Amino acid sequence: MQFHLNGFKKGDPDVAEPAEALAPSDRLPSEVDVLIIGCGPAGLTLAAQLSAFEDIRTCIVDQKTGPLQLGQADGVACRSVEMFHAFGFSERLLREAYWVNETAFWKPDETSRKNIVRSGRIQDVEDGLSEFPHVILNQARLHEFYLDIMRKSPRRLEPHYGRRFVDLQIDPNASDYPVTLTFERVDDGHEGEIETVKARYAVGCDGARSGVRRSVGRELRGDSANQAWGVMDVLAVTDFPDIRLKSVIQSDSEGSIIIIPREGGYLVRIYMELDKLSTTERVADRKITVDYLIAAAQRILHPYSLDVKEVAWWSVYEIGQRLADKFDDVPAGEVANRQPRVFIAGDACHTHSPKAGQGMNVSMQDAFNLGWKLAHVLRGWSGPQLLHTYSEERQAIAKILIDFDREWAAMLSAPLKSATNPNGVEPAEVQRYFVQSGRYTAGTATVYSPSVLTGRGTHQQLARGLEIGTRLHSAPVIRLVDAKPTHLGHTIKADGRWRLFAFADPQDPVDPSSRIQKLCDFLADGLGSPVRRHTLGGLDIDAVIDVRAVFQQSHRDLAVERMPKFLLPNKGRLGLVDYEKMYCPDLKSGSDIYEMRGIDRQNGCIIIVRPDQYVAHVLPLDAHEELAAFFDGVLKAA
Ligand SMILES: Cc1cc2nc3c(=O)[nH]c(=O)nc-3n(C[C@H](O)[C@H](O)[C@H](O)COP(=O)(O)OP(=O)(O)OC[C@H]3O[C@@H](n4cnc5c(N)ncnc54)[C@H](O)[C@@H]3O)c2cc1C
């Protein structure tokens, strides 16, 4: 990590300089730039992202009287860990979490169908899909990591708890703060007090029963009835051998369970699919008890025993696979002449079964997609039409993920093939589908369609392994200046900046006629340089577009002092040199990023990466005009 840029600073480098003297207040502020409703994974991802910007006033509220303590989701996909790395807390997460390395499958024993036997055991995530594992950690701990980022941010952001969203109004004629939101206090001693806040933008991250969604006239469509689920986190003694492996267990006639080992080495989560509810029924009406769930798990695990010593948390909840048609307040027919002011994210716009572990992960990715866009518009870097891309991109992705979730959930619920049920599903088929769907569950299957933010694949052959529209698939590199083995993708922080990675061709980069030198000259001084054009005077040269280069030579064969000056920029109050812009392949370990990501060695290329880590474009090294045109489509001239 880099720090001391603006002078030596004592203490914890994760704690940012405070933006201004912020008087802590128990009251909601009267005016804010962004008001977030809901402190779940979606709301906290968005708040943590926005808290990075000292000039943006964000407020986040929740009807709960304090942070989540227990329960709810726990599966963290590889893609989410990649994002957490950009936020700076992946190491803490990985230390605490359970790592899902392998998954076991169990089915009825053919010789005695009331017993279960292991039918397979597979690697959970395919090799090389991500540098990070699929892990399991309590949702409450994830919330705590985000809250920590917010507390240490320039605005020292803390949620306001005990506020129930009541209503919102949008005034189309108000230019400054068009959204007025009303909250009712539900915390001790303040019950019933009403507060109003004016906001430039509001984001409903208020879960499946979202009031914000209702206020903007959107509704979830999909399943007509909910599926009931039982879930319990238990400390138990058992002779079931795969209790520390994620296990999908299908019994002959007692139903199925999913075992998810949890952090800490002892705790285990057991998911159980219960009945489909009728359209008017609530799961609470069934009066299901934890003893009922334990007894059902014991029957499914037969002939193994399960002696539950302690139940840490349990819940019976209902969920259907549903999706909102749009994730903002602008009706489809008015997109051309109206800008969005209110958004919904997470479970407020899509709900999934817990079988594929999508809910929390997709919700966080919604918020990560929206956060930088709101910041760009509020800071005047982009026009408000950029905000339409949030619903366009995320609604399309949510639809694909819900379709996948539906198929996967149906397969797990279907009766298994047997002598009495010849048309049932083969256990091997379940296993095959699990492997095939690995990219969805890992969160890496997202591909954004061509748009103002996502270029066409005209030059995709220059970087075959960095597909336009997908998240940047990182690879190991060596930092030129200090020979540090690192990962190229880890240079991306959740700071709202664009990245431009220039992969050099084989020519000596110090040769003035080399394409990498010419690109640096253009970016540094060219008339059409997007870096110059979109960066306000007075800001560091990489404040909006952070340019980094990767060379083919070994790091020992390049002389730092002769490299292009543009890649050694002077920055900050003291004009210190940023030495961390140049990288080489990790030849010692044999991990050559050019090979691994299919970069054309002869020609090199430019990779443009969005602030949320997605590949926006692949261009030739000398496509200066196309490069400038891409950024002109997204960013305003400074
Ligand atoms: C009880 C429960 C159990 C779950 N169990 C599992 C599970 O076992 N496995 C799994 O994969 N997923 C589970 N989920 C789903 C998973 O937690 C969600 O997919 C994920 O949390 C979605 O994140 P989110 O931020 O969109 O919404 P949520 O996490 O639901 O957060 C919404 C937040 O908004 C707040 N809020 C709601 N209405 C208002 C209002 N009017 N005013 C102010 N604040 C409001 C809520 O208090 C909440 O903090 C569960 C969800 C619930 C509610």
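In what follows, the structure referred to is the one given above.
So, here is what we can say about the structure in this document. (Residues numbered from 1 in each chain as written. Predicted model: local features only at pLDDT ≥ 70, side-chain atom pairs only at ≥ 80, totals over all residues. Heavy atoms only, no water.)

**A look at the pairing of strand S5 (residues 102-109)**
Item 1. Burial analysis of S5 places six of its eight residues in the buried class, which makes it a mostly covered element.
Item 2. Where S5 and strand S6 (residues 112-123) come together, eight bridges link them in antiparallel fashion. Residue pairing across strands places Trp106 opposite Arg118, the latter belonging to S6.
Item 3. Relative to strand S14 (residues 246-250), S5 is paired through four bridges, and the arrangement is parallel. (Buried < 20%, exposed > 50% of the residue type's maximum accessible area, 1.4 Å probe, protein only. Helix = DSSP H or I, 4+ residues; strand = E, 2+ residues; numbered from the N terminus. Pairing = 2+ DSSP bridges.)

**Observations concerning unusual backbone geometry**
Item 1. A cis amide bond links His302 to the next residue, Pro303, at an omega of 20°.
Item 2. Looking at the element boundaries, Pro303 is found in the loop between helix H6 (290-300) and strand S17 (306-319).
Item 3. Its identity is not glycine, yet Gln613 carries a phi of approximately 80°, on the positive side.
Item 4. Relative to the helices and strands, Gln613 is located in the loop between strand S28 (605-609) and strand S29 (615-619).

**Thoughts on helix H4 (residues 139-151)**
Item 1. Between its first and last C-alpha atoms H4 spans 18 Å; for 13 residues at 1.5 Å apiece the expected length is 18 Å, and the two agree.
Item 2. Of all the positions in H4, only Gln139, Ala140, Leu142, His143, Phe145, Tyr146, Leu147, Asp148 and Met150 are classed as buried.
Item 3. Sitting at the head of H4, Asn138 places a side-chain oxygen 3.0 Å from the backbone nitrogen of Ala140. (Expected span 1.5 Å × (residues − 1). Polar contact = N/O pair within 3.5 Å; in protein donor to acceptor, adjacent residues only side chain to side chain.)

**Overview of the sheet that holds strand S4 (residues 98-99)**
Item 1. The strand order across the open sheet formed by three strands is S3-S7-S4, and the pairing between neighbours is antiparallel. This sheet does not close on itself; its edge strands, each paired only once, are strand S3 (75-76) and S4.
Item 2. As paired elements, S4 and strand S7 (residues 135-136) share two bridges and run antiparallel to each other. Each residue of the ladder has a partner; that of Tyr98, found in S7, is Ile136.

**Focus on empty space enclosed by the protein**
Item 1. One pass over the structure, following the stated rule, counts five cavities of 30 Å³ or more.
Item 2. The calculated volume of the largest cavity comes to roughly 90 Å³.
Item 3. Residue lining of the largest cavity: Arg79, Glu82, His85, Ala86, Glu131, Leu472, Ser474, Gly489, His490, Ile492 and Gln613, and that is the complete set.
Item 4. Partitioning the lining of the largest cavity into residue classes produces three nonpolar, five polar and three charged.
Item 5. What the second largest cavity holds in volume is close to 60 Å³.
Item 6. A breakdown of the residues in the lining of the second largest cavity according to their chemical character gives six nonpolar, two polar and two charged. (1 Å grid on protein atoms, 1.4 Å probe; cavity = no way out; pocket = protein on both sides within 12 Å on 5 of 7 lines; lining within 4 Å. Points joined across faces, edges and corners; volume = space filled by probe spheres on them. Nonpolar A, V, L, I, M, F, W, Y, C, P; charged D, E, K, R; others polar.)

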